[in-house]
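So the chains spell out like this:
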Amino acid sequence: MRYCKNCGLLAPFDTDHCPQCGAPLPPESPAPASARPEKTPCYEAEPQETVPALSEWATLGTLLLFSIPVVGFILSLAWSFFGSHPARQRLAQAWLIRTMIVLVVVALICLWLGLNSVLSLSAPHYYYAF
């Protein structure tokens with residue numbers, strides 16, 4: 001947009017004369033090329049690491065091993081940090097995170113139930129004899 005030197009009106013780009021007073025507008029000065037370099041957006045994603053997937057039976061066997069209470073937790077720890085197969089390592093890490101979330105939720109529920117039972121037992125109970 002350009003300003004009219006005669007009346008000071010801000011004139012649109014497509015006009016050569018001021019719409020208010022009719023005076024010719026000064027020519028539009030080209031912006032210096034080096035003042036602000038144009039950055040083009042980069043739409044290419046960074047190449048992600050491709051991990052070969054486990055077969056269906058290997059995934060099923062791994063999940064069955066994880067479902068054994070103590071052995072599954074030990075295996076998920078071992079395969080999470082020292083996994084030989086990258087897909088099994090990611091599966092073990094996901095299982096370990098899920099297990100930790102479930103343990104925290106169960107611990108909070110047990111804490112809540114324990115506090116409720118202690119508070120209900122410590123409250124005075126009044127028994128009316130008829």
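Going by the structure above, here's the rest.
What you are looking at is a predicted structure, and each value in this text was computed from that prediction instead of being measured. (Residues numbered from 1 in each chain as written. Predicted model: local features only at pLDDT ≥ 70, side-chain atom pairs only at ≥ 80, totals over all residues. Heavy atoms only, no water.)

### Here's the deal with the overall build of the chain
Phase 1 of the analysis: Counting its regular elements, the chain contains three helices and two strands.
Phase 2 of the analysis: Beginning at the N terminus, the succession of helices and strands in the chain can be written as β-β-α-α-α.
Phase 3 of the analysis: The proportion of buried residues among the 130 residues of the chain is 13%.
Phase 4 of the analysis: Taking as baseline every contact in the chain between residues at least 6 positions apart, the subset at least 24 positions apart corresponds to 29%.
Phase 5 of the analysis: Carbon and sulfur atoms make up 67% of the accessible area of the chain, which amounts to about 11,100 Å² in all. (Helix = DSSP H or I, 4+ residues; strand = E, 2+ residues; numbered from the N terminus. Buried < 20%, exposed > 50% of the residue type's maximum accessible area, 1.4 Å probe, protein only. Contact = heavy atoms within 4.5 Å. Areas by Shrake-Rupley, 256 points an atom, 1.4 Å probe, with all protein chains shown as cover.)

### What to know about the environment of S120
Phase 1 of the analysis: Counting through the fold element by element, S120 comes out in helix α3 (residues 86–122).
Phase 2 of the analysis: On the basis of relative accessibility, which here comes to 39%, the residue S120 falls in the partly exposed class.

### What about the packing of aromatic side chains?
Phase 1 of the analysis: With the rule as written, the count across this model stands at two aromatic pairs.
Phase 2 of the analysis: Within the aromatic cluster, the residues linked to one another by ring pairs are F66, W79 and W95.
Phase 3 of the analysis: A cation over an aromatic ring shows up here: R88 above the ring of W79, its NZ or CZ 5.1 Å from the ring centre.
Phase 4 of the analysis: Note that R98 overlies the ring of W95, its terminal NZ or CZ placed 4.2 Å from the centroid. (Phe/Tyr/Trp six-rings, centres within 6.5 Å; stacked < 30°, edge-to-face > 60°. Lys NZ or Arg CZ within 6 Å of the ring centre and 35° of its normal.)

### Examining the nonpolar core
Phase 1 of the analysis: Counting five residues, the largest nonpolar core is built from C4, A11, C18, A23 and L25.
Phase 2 of the analysis: When residues no more than four places from it in sequence are discounted, the contact partners of L25 are R2, Y3, C4, A11, T15, D16, H17 and C18. (Core = buried A, V, L, I, M, F, W, Y, C linked by side-chain atoms within 4.5 Å.)

### Comments concerning helix α2 (residues 69–82)
Phase 1 of the analysis: Its 14 residues place the ends of α2 20 Å apart at the C-alpha level, agreeing with the 20 Å of an ideal helix rising 1.5 Å per residue.
Phase 2 of the analysis: Within the span of α2, buried status applies to G72, S76, W79 and S80. When α2 is viewed along its axis, its buried side chains cluster within an angular range of 105° and face the same direction. Set apart from the buried face of α2 by more than 90 degrees, the exposed residues are V70, I74, F81 and F82.
Phase 3 of the analysis: Contact partners of the buried residues in α2: α1 (56–66) and α3. (Expected span 1.5 Å × (residues − 1). Arc of directions from axis to C-beta.)

### Topic: the packing of α2 against α3
What describes two packed helices is the angle between their axes and the distance between those same axes.
Phase 1 of the analysis: Relative orientation of the contacting elements α2 and α3 amounts to 130°, with a least axis distance of 8 Å. Accordingly, the angle class assigned to the pair α2 and α3 is oblique. Two packed elements cross with a definite hand, and for α2 against α3 that hand is left-handed. Seen from α2, the contacting residues are F73, S76, L77, W79, S80 and F81; seen from α3, they are R88, Q89, A92, Q93, W95, L96, T99 and M100.
Phase 2 of the analysis: When the residues that make up the contact of α2 with α3 are grouped by side-chain class, the tally is eight nonpolar, five polar and one charged. (Axes fitted to C-alpha atoms, helices over the stretch in contact; angles between N-to-C directions. Parallel < 35°, antiparallel > 145°, perpendicular 65-115°, else oblique. Left-handed = near helix turned anticlockwise from the far one by under 90°. Nonpolar A, V, L, I, M, F, W, Y, C, P; charged D, E, K, R; others polar.)

### Some words on the packing of α1 against α3
Phase 1 of the analysis: Here α1 crosses α3 at 35°, and the two axes come no closer than 11 Å. The chirality of how α1 crosses α3 is right-handed. Residues A58, T59, T62, L63 and F66 of α1 form the contact with α3, whose participating residues are R88, L91, A92 and W95.
Phase 2 of the analysis: Broken down by class, the residue content of the contact of α1 with α3 amounts to six nonpolar, two polar and one charged.

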